[in-house]
Amino acid sequence: MAERPSKPLPVLILVVVAATAAILVFAGIAPWQRPSTLVIGDSVTNLSRHEIEDTTGALVNAKNGYTWAGMAPKVRGVLHLVDEKPERVGVLLGYNDVLNGALDQADPPAVLDQLTDVDCVVVLELPKIWGRDVDAHNDLLRELSGKYPNVSVDDGWATRVNENLADDASLLQEDLVHPNGKRGHQALADAYQRAFERHC
């Protein structure tokens, strides 16, 4: 009786590798899995929600009108929206505070105090806003980052927008605040991703 030919060794190896990869993906522990990420913001982030999700893999919690003070009582609830404690949190708040002249120095710490158990928190600086003083806001963020070992402040978005404002302002809508179209939305998503890569 003739012996049945055995499967070639390379085929068996491929089957084992594919099965192992499938198990790791199902378990959510594959080495290429993105870190658990949450992004918090206002209408500027909200407009770029889909691009941020696609680029960073983040869950985005952003709503029009959000301020530092308005976000503070919501942080714990937002954290529970993530399946597990996020490893990274990105924050872009302050537009409405600065536009309304209502920034209180106690407001950003009220948010950051609730993120102390997150490994890496990145806060994006504000770019120039016509007729408004963003320097006081950004200076406060930099000062606070020295008090929270897990918090970094990143100027990538601010720098990108400020350079664009000096050119043709094509990244922004006519209000010179909100990102304009796909290009502006993707620019913010890329800024978040690069900030995570730099600091986390």
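Source: prediction; values computed, not measured.

J.: What's the story with the nonpolar core in this structure? I'm lost.
T.: A general feature of soluble globular proteins is that nonpolar side chains tend to end up buried together. Among the nonpolar cores identified, the biggest contains 27 residues, and Leu92, Tyr95, Leu124, Trp157, Leu188 and Tyr192 are the most heavily contacted of them. Looking at this core, the elements that each hand over two or more residues are strand 2 (59-62), helix 6 (95-99), strand 4 (120-124), helix 9 (156-165) and helix 10 (181-199). For this core, the element with the most residues is helix 10, which contributes 7 residues. Excluding its chain neighbours within four sequence positions, the residues that come into contact with Leu124 are Val91, Leu92, Leu141, Asp154, Trp157, Leu188, Tyr192 and Ala195. Grouped together as the second largest cluster of nonpolar side chains are 25 residues, Leu38, Tyr66, Ala72 and Leu144 included.

J.: What should I look at first to understand the state of the cysteines in this one?
T.: Where two cysteines share a covalent bond between their sulfur atoms, that bond is called a disulfide. A full pass over the atoms with the stated rule returns 1 disulfide. The disulfide bridge from Cys120 ends at Cys200, spanning 2.0 Å between sulfur atoms. Here Cys120 and Cys200 share a disulfide; its torsion about the S-S bond, -75°, makes the bridge left-handed. Pair noted here: Cys120 is in strand 4 and Cys200 is in the segment after helix 10, with a separation of 80 residues, a long-range link.

J.: How do you make sense of the pattern of salt bridges when you look at a structure like this?
T.: Once their charged atoms are close, side chains differing in charge can pair, the charge on each being opposite to the other. Evaluated as defined, the whole model comprises 5 salt bridges. Among the ionic pairs, Lys182 bridges to Glu51, the shortest N-O distance being 3.5 Å. With Lys182 in helix 10 and Glu51 in helix 3 (residues 49-56), this residue pair connects regions lying 131 residues apart in the sequence. Arg142 is paired through a salt bridge with Asp139; the nearest N and O atoms lie 2.4 Å apart.

J.: Whenever I open this one, the pairing of strand 1 (residues 37-41) confuses me. Can you help?
T.: If a strand is regular, its side chains alternate between the two faces of the sheet. Among the 5 residues of strand 1, 5 are classified as buried, and the element is accordingly described as predominantly covered. What you see with strand 1 is no split at all: Thr37, Val39 and Gly41 on one side and Leu38 and Ile40 on the other are buried throughout. Bridge count for strand 1 against strand 3 (residues 88-92) is 5 bridges, and the pairing is parallel. Note that in strand 3 the partner of Ile40 across the bridge is Val91. Of the pairings in the sheet, the one linking strand 1 to strand 2 comprises 4 bridges and is parallel in character. Pairing of Leu38 across the sheet is with Leu59, part of strand 2.

J.: Would you mind going over the side chain of Asp154 with me for this structure?
T.: Secondary-structure assignment places Asp154 in strand 5 (residues 151-154). Within the local environment of Asp154, its side chain forms a polar contact with the side chain of Arg198, the two groups lying 2.9 Å apart. Of the polar contacts made by the side chain of Asp154, one reaches the side chain of His199; its length is 2.8 Å. Filtering out sequence-adjacent residues up to four positions away, Asp154 remains in contact with Val122, Val123, Leu124, Glu125, Ala195, Arg198 and His199.

J.: Would you take a moment to explain unusual backbone geometry for this structure?
T.: Across residues other than glycine, the phi torsion is negative in most instances, and most of the peptide bonds are trans. Even without a glycine there, the phi angle at Ala169 is positive, about 55°. The residue Ala169 is located in the loop between helix 9 and helix 10 in this model. Classification of Ala169 as buried rests on a relative accessible area of 16%. With phi around 60°, Leu176 is a residue other than glycine that occupies positive phi space. Relative to the elements of secondary structure, Leu176 occurs in the loop between helix 9 and helix 10.

J.: How do you make sense of the sheet that holds strand 4 when you look at a structure like this?
T.: For sheets, the rule is that strands pair by backbone hydrogen bonds, running either parallel or antiparallel. The strand order across the open sheet formed by 5 strands is 2-1-3-4-5, and the pairing between neighbours is parallel. In the strand order of this sheet, the two ends are held by strand 2 and strand 5, each with one partner. On average, adjacent strands in this sheet sit at an angle of 20° to one another, irrespective of strand direction. Pairing of strand 4 with strand 5, which is carried by 4 bridges, proceeds in the parallel orientation. Bridging from a neighbouring strand, Val123 pairs with Val153 of strand 5. Along the sheet, helix 3 contacts strand 1, strand 2 and strand 3; its crossing angle with strand 2, the most-contacted strand, is approximately 150°. In the packing of helix 10 onto the sheet, the strands contacted are strand 1, strand 3, strand 4 and strand 5, and the crossing angle to strand 3 comes to about 135°.

Conventions and cut-offs
- Residues numbered from 1 in each chain as written.
- Predicted model: local features only at pLDDT ≥ 70, side-chain atom pairs only at ≥ 80, totals over all residues.
- Heavy atoms only, no water.
- Core = buried A, V, L, I, M, F, W, Y, C linked by side-chain atoms within 4.5 Å.
- Buried < 20%, exposed > 50% of the residue type's maximum accessible area, 1.4 Å probe, protein only.
- Helix = DSSP H or I, 4+ residues; strand = E, 2+ residues; numbered from the N terminus.
- Contact = heavy atoms within 4.5 Å.
- Disulfide = S-S within 2.5 Å.
- Salt bridge = Lys/Arg side-chain N within 4 Å of Asp/Glu carboxyl O.
- Pairing = 2+ DSSP bridges.
- Polar contact = N/O pair within 3.5 Å; in protein donor to acceptor, adjacent residues only side chain to side chain.
- Axes fitted to C-alpha atoms, helices over the stretch in contact; angles between N-to-C directions.

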